[in-house]
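# Coordinates in review
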Amino acid sequence: MSTQLVATVAGAAVPVEEVDAAEARLRHGPRGAALPAAGTSEGRQLRRWLTQLIVSGRVVAAEAAARGLTATDAPPSEADLLPDVTARLEIGSIAAAALADWRARALFVDVTAEVRISDREVADFHARNPLRFAPPRLDRHGWRTPSPVAPPIEQVRPVITEHLLAAARRRAFRVWLDARRAALVELAPGYEHPGDPRQPDNTHRH
């Protein structure tokens, strides 16, 4: 009897049992009661999302091996790359989950090594957000309050550059991972990307 496949990654089969096992772990975990019921539209979307996690993990493993990356490359920590909720939203749930794996973080460094931020981008950001990185001031009661005065650009240039560079690197990694998945992954009917407008359970409509 042939095994049902949810996808292939570079020609290698991903059996449905992998999705079943991932779903079972979630449903028996601490947040299992909050998950959508199996067999519903939302439940099928959960399985599509789990499929994306699995195939992304396989793409990451294949790409890291192809580039000769190892754990000794000492990639940054997950917290370094995704310091807050905003960063996770920027990069998307699939890429954010992938970065729990050291291989994905090593790829992040490798893929984004050439990303740069120009002086013009820094200046434009400061013009649009003059108070974003203004140091707080102390009021007469000793409480820290937002500064009403924009600092000169030279004072905040390093922190703006770091902020923009981190966001640009997250964007570059997300785009790269999407492209590699598109090139290497074939999804079976019923296991399309959750956001694919062609599949019947996609509820995002315009």
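Described below are features of the structure shown in this document. (Residues numbered from 1 in each chain as written. Predicted model: local features only at pLDDT ≥ 70, side-chain atom pairs only at ≥ 80, totals over all residues. Heavy atoms only, no water.)

## Examining the environment of Glu162
Heads up, the rule is: Secondary structure is summarised from DSSP: a helix means a run of H or I of at least four residues, a strand means a run of E of at least two, and numbering begins at the N terminus for each. Between buried and exposed lies partly exposed: a residue is buried under 20% and exposed over 50% of the maximum accessible area for its type, with that area taken using a 1.4 Å probe on protein chains only.
You can see Glu162 is positioned in helix α8 (residues 153-184). On the accessibility criterion, Glu162 (57% relative accessible area) is exposed. C-alpha separation for the pair Glu162 and Leu107, spaced 55 residues apart in sequence, amounts to 20 Å.

## Considering the pairing of strand β1 (residues 5-9)
To keep things clear, this is the line we draw: Whether two strands pair comes down to DSSP finding at least two bridges between them.
Of the strand pairs in this sheet, β1 and strand β2 (residues 12-15) are connected by four bridges, and their pairing is antiparallel. Within the sheet, the bridge partner assigned to Leu5 lies in β2 and is Pro15. Connecting the antiparallel pair β1 and β2 is a turn made up of two residues, with Ala10 showing a positive phi of about 55°. Sheet analysis places β1 next to strand β5 (residues 185-187), joined by three bridges and oriented antiparallel. Bridging from a neighbouring strand, Val9 pairs with Val185 of β5.

Honestly, it's all geometry; don't read function into it.
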